[in-house]
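# Secondary and tertiary structure notes
Each chain, letter by letter, is given below.
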Amino acid sequence: MKYKKKILCIGAGYVGGPTMAMIAYKCPDYRITVVDTNPDRIDAWNSAELPVYEPGLDQIVKKTRGKNLFFAKDVENQIKENDIIFVSVNTPTKTYGAGAGLAADLQFVEKTARQILKHSRSSKIVIEKSTLPVKTALAMERILASGKGKITFEVLSNPEFMAEGTAMSDLENPDRVLIGSHETKSGLKAREELIELYSRWIPSEKIITSNIWSSELSKLVANAFLAQRVSSINSISALCEKTDADVSEVAKAVGMDSRIGGKFLKAGIGFGGSCFKKDILNLVYLCRYYGLKEVAFYWENVVKINEYQQERFIANILNNMFGTLAGKKICILGFAFKADTGDTRESPAIYIAQKLLGEQAELTISDPKALKNAAVDLAVIKGNIKYIDDPYMAAAGCHALLILTDWDLYKKLDFEKIYRSMVKPAFLFDGRNILDHKKCFKIGFNVYPIGKPALSHL
Ligand code: NAD
Ligand code: UGA
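Rules and cut-offs
- All residue numbers refer to positions counted from 1 along the written sequence of the respective chain.
- All chains are assigned letters beginning with A, and all ligands numbers beginning with 1, in the order in which they are written.
- Local features in this predicted model are restricted to residues whose pLDDT is 70 or higher, and side-chain atom pairs enter the listing and the counts only when it is 80 or higher, whereas totals over whole chains, interfaces and linings include all residues.
- Water and hydrogen atoms play no part in the side-chain values, which are based on all heavy atoms of the structure.
- Secondary structure elements follow DSSP: runs of H or I of four or more residues count as helices, runs of E of two or more count as strands, with numbering from the N terminus.
- A radius of gyration in this sense is built from C-alpha atoms; the matching globule rule multiplies 2.2 Å by the number of residues raised to 0.38.
- The buried label goes to any residue with under 20% of its type's maximum accessible area, the exposed label to any with over 50%, and the partly exposed label to all in between, with areas taken from a 1.4 Å probe on protein chains only.
- Residue contacts follow a heavy-atom distance rule, with two residues in contact if any of their heavy atoms lie within 4.5 Å.
- Using the Shrake-Rupley algorithm and a 1.4 Å probe, accessible areas are obtained, with residue cover drawn only from the displayed protein chains.
- We count Lys and Arg on the positive side and Asp and Glu on the negative side, and we leave His and both chain ends out.
- A charged residue contributes its charge at one atom only: NZ of Lys, CZ of Arg, CG of Asp or CD of Glu.
- By nonpolar core is meant a set of buried Ala, Val, Leu, Ile, Met, Phe, Trp, Tyr and Cys residues that side-chain atoms within 4.5 Å join together.
- Both cavities and pockets are sets of points on a 1 Å grid over the protein atoms alone; in a cavity a 1.4 Å probe fits but cannot get out, in a pocket the set is open with protein on both sides within 12 Å along at least five of seven lines, and lining residues sit with an atom within 4 Å of a point.
- Grid points are joined across faces, edges and corners, and a volume is the space filled by probe spheres set on the points.
- Whenever a helix is involved, its axis is fitted only over the stretch in contact; in every case the axis is a line through C-alpha atoms, and angles between N-to-C directions fall within 0 to 180 degrees.
- By definition in this entry, angles of less than 35 degrees are roughly parallel, angles greater than 145 are roughly antiparallel, angles of 65 to 115 are roughly perpendicular, and the rest are oblique.
- Crossings are classed by handedness, with left-handed meaning an anticlockwise turn of the near helix from the far one by less than a right angle and right-handed meaning a clockwise turn.
- Polar here means any residue outside two lists: the nonpolar Ala, Val, Leu, Ile, Met, Phe, Trp, Tyr, Cys and Pro, and the charged Asp, Glu, Lys and Arg; Gly therefore counts as polar.
- We call a residue near a molecule or strand as soon as one heavy atom of that residue lies within 4 Å of the molecule or strand.
- We define a polar contact as two N or O atoms separated by no more than 3.5 Å, with the added condition that, inside protein, one atom must be a possible hydrogen donor and the other a possible acceptor, whereas residues neighbouring each other in sequence contribute only through side-chain atom pairs.
- One side-chain nitrogen of Lys or Arg within 4 Å of one carboxyl oxygen of Asp or Glu is enough to make a salt bridge.
- A pair of strands is treated as paired once DSSP finds two or more bridges between them.

Once that is clear, we can look at the overall build of the protein chain. If you tally the helices and strands in the protein chain, you get 18 helices and 14 strands. Relative to its length of 458 residues, the protein chain is compact, with a C-alpha radius of gyration of 24 Å against a globular reference of 23 Å. Projecting the C-alpha coordinates of the protein chain onto the three principal axes gives extents of approximately 75 × 50 × 45 Å. Of all 458 residues assigned to the protein chain, the portion counted as buried reaches 53%. Nonlocal contacts in the protein chain, meaning residues at least 24 apart in sequence, comprise 74% of its contacts between residues at least 6 apart. Accessible surface, the protein chain: about 21000 Å² in total, of which carbon and sulfur atoms supply 54%. Counting 62 positive and 52 negative side-chain charges, the protein chain places the averaged centre of each group 2 Å from the other.

Okay, here's the thing in structure tokens:
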């Protein structure tokens, strides 16, 4: 079949896979290929069990894979074959050298740019899909311009705003698509190519354009603002616990102001996920680099409040369970960083589990999608840990139950049955405020929500 456009995505991760599946689904006359240096990941994308769990993803991959969506390992050949290349490789926090612990590690992006240069035989549009520090396009362009031939590369910035767990609906109906380009003749021409692609299913008023630096920076800022709201409400949850105010009531009252809005005001055990912390730290690094100490300090505190919230949660467990957890069995319900994903990267559950094991508690961990990742995360931690699929079996014989992920299924559990199977007094720490606390208290649990008065029989 002759395809209208040939598109390559380098990086078959949580972003590369779902975004390209959506493009393939919406543009049946385009051929989309996704490559990765990790052959196991490509095999998984070509198998019945995809490497990423996302509601709705399986169906879209089934409809497109082998027709106009391909997952391949031959990176070099695919670079030659395709005219438009999305770069969707990982950009983790640097763990070594200058900027360690703050700056983004750009080695994978740089390697990708060098690979593109080395294997290209024709001019290409290269699109930054990964989240990158502002001015990365300059480095990409310098690498891509270092070749001797006549081939040219136009770099665009097209950051991805989807959230895990809702990736497919976010991709199908995004709040906006942002395309940053140089405002030169070739930059504007490349921008038009990308607009044409997204116009297949996204209304034109939602496709916004900007200069390339605004686009790169907007992505970091969007994540920082979202995380800041979570830290803001979590900081207030601490005050609610001291004053008998209820953080959900406060969030509702505050969020109903249309200038503030009600989203991202759910108090809990703090934000997790691969991006919020990494992107804010990257912003902090950039501000320091440009000598903006006060601005760096402001954003750094969003991360500090997040850590404080997890410490508070752990201290609350220890204090209410008579100051010792040694030999006590604790059931963790939910290990993913949020509901509807199996992803555990930077999940608060990792830190909480480590701390509880440090207190010599014995853990049973249950999660509908994230148990494999949980076992990998805790593999190097010493302690007594069991991984049990069934939440009732996981809770049986435990002294305390911790809700660490807001999975819907936990709201529907039979808590009378769970209570009967637990050691008394039975403790319930709802780190996501998703349960009916009064009902659980009536059953007999001592209930400790976040930012609300505790309901204790003791
Ligand atoms: P990921 O780790 O799941 O996937 C990245 C993939 O790139 C890996 O499979 C890795 O093997 C591959 N890779 C690295 N170097 C390569 C190379 N030179 N050639 C080919 N493949 C290579 O990461 P992710 O979660 O998909 O995130 C990717 C980027 O998107 C990051 O910058 C992230 O900040 C951003 N982002 C992520 C999300 C999210 O929800 N996860 C949302 C928006 C933006
Ligand atoms: C986030 C952003 O929402 C996406 O727009 C962005 O594209 C993505 O980061 C990224 O760059 O990777 P994601 O991390 O997948 O998406 O999930 P979120 O829904 O933002 O949740 C992040 C964390 O905040 C989760 O741990 C969640 O439980 C927590 N959260 C969220 C709260 O504690 N309270 C809230 O009210 C909302």
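Now, onward.
Attention now goes to the nonpolar core. Residues F86 and Y198 are the most contacted members of the largest nonpolar core, which totals 41 residues. When near neighbours in sequence (up to four residues on either side) are disregarded, F86 contacts I7, L8, C9, I10, M20, I23, I127, K129, N158, L194 and Y198. Judged by nonpolar contacts, the second largest core, of 36 residues, contains I233, F313, L325 and I385.

Moving on: the layout of surface pockets. Its volume calculated, the second largest pocket comes out at about 640 Å³. As for the second largest pocket, its lining consists of 24 residues, of which P51, G342, K369, K372 and N373 are closest to the centre. Per-element tally for the lining of the second largest pocket: the top contributor is helix α14 (residues 371-377), with 5 residues.

For the rest of this paragraph, the subject is the packing of helix α5 (residues 107-119) against helix α6 (residues 136-144). Between α5 and α6, whose axes approach to 9 Å, the crossing angle comes to 30 degrees. One way to sum up the angle between α5 and α6 is to call them roughly parallel. For the pair α5 and α6, the sense of crossing is right-handed. The segment α5 lies against α6, with V109, E110, A113, R114, I116 and L117 engaging T136, M140, I143 and L144. Considered class by class, the residues forming the contact of α5 with α6 number 7 nonpolar, 1 polar and 2 charged.

For ligand 1, the set of nearby residues contains 26 residues, the closest of which are D36, R41, T91, E164 and K278. In the model, an oxygen atom of ligand 1 is placed 2.9 Å from a nitrogen or oxygen of the V15 main chain. Between ligand 1 and the protein, one listed contact pairs an oxygen atom with a side-chain N or O atom of K278 at 2.6 Å. Element by element, the count of residues in the shell around ligand 1 is highest for α5, at 3 residues. Residue composition of the shell around ligand 1, grouped by class: 7 nonpolar, 12 polar and 7 charged.

This part covers the site of ligand 2. Neighbouring ligand 2 are 19 residues, the closest being F161, M162, K219, C275 and R432. Separating an oxygen atom of ligand 2 from a backbone N or O atom of L265 is a distance of 3.3 Å. At 2.8 Å from an oxygen atom of ligand 2 is found a side-chain nitrogen or oxygen belonging to K338. Compared with its free state, where it exposes 700 Å², ligand 2 has 90% of that area covered by protein. Top element by residues in the shell around ligand 2 is helix α9 (residues 212-243). It accounts for 4 residues.

Before going further, it helps to spend a moment on the pattern of salt bridges. Applying the stated rule across the entire model yields 20 salt bridges. When the shortest N-O distance is used, the salt bridge between K4 and E196 registers 3.5 Å. Of this pair, K4 sits in the segment before β1 (5-10) while E196 sits in helix α8 (residues 185-198), and the two are 192 residues apart along the sequence. If you follow the salt bridges from partner to partner, you end up with K4, K5, E193 and E196 in one network.

One open sheet holds the 6 strands; their spatial order is β11-β10-β9-β12-β13-β14, and the pairing between them is parallel. Here the strands that pair on one side only, and so sit at the sheet edges, are β11 (385-387) and β14 (446-448). Shown here is a sheet whose adjacent strand axes are inclined to one another by a mean of 20 degrees, direction ignored. Pairing of strand β12 (residues 400-403) with strand β13 (residues 427-430), which is carried by 4 bridges, proceeds in the parallel orientation.

Mapped onto the elements of the fold, K94 is located in the loop between β4 (84-87) and α5. Buried and unpaired, K94 has no salt bridge, with D105 as the nearest side chain of opposite charge at 6.6 Å. Filtering out sequence-adjacent residues up to four positions away, K94 remains in contact with G99, A100, G101, L102, A103, A104 and D105.

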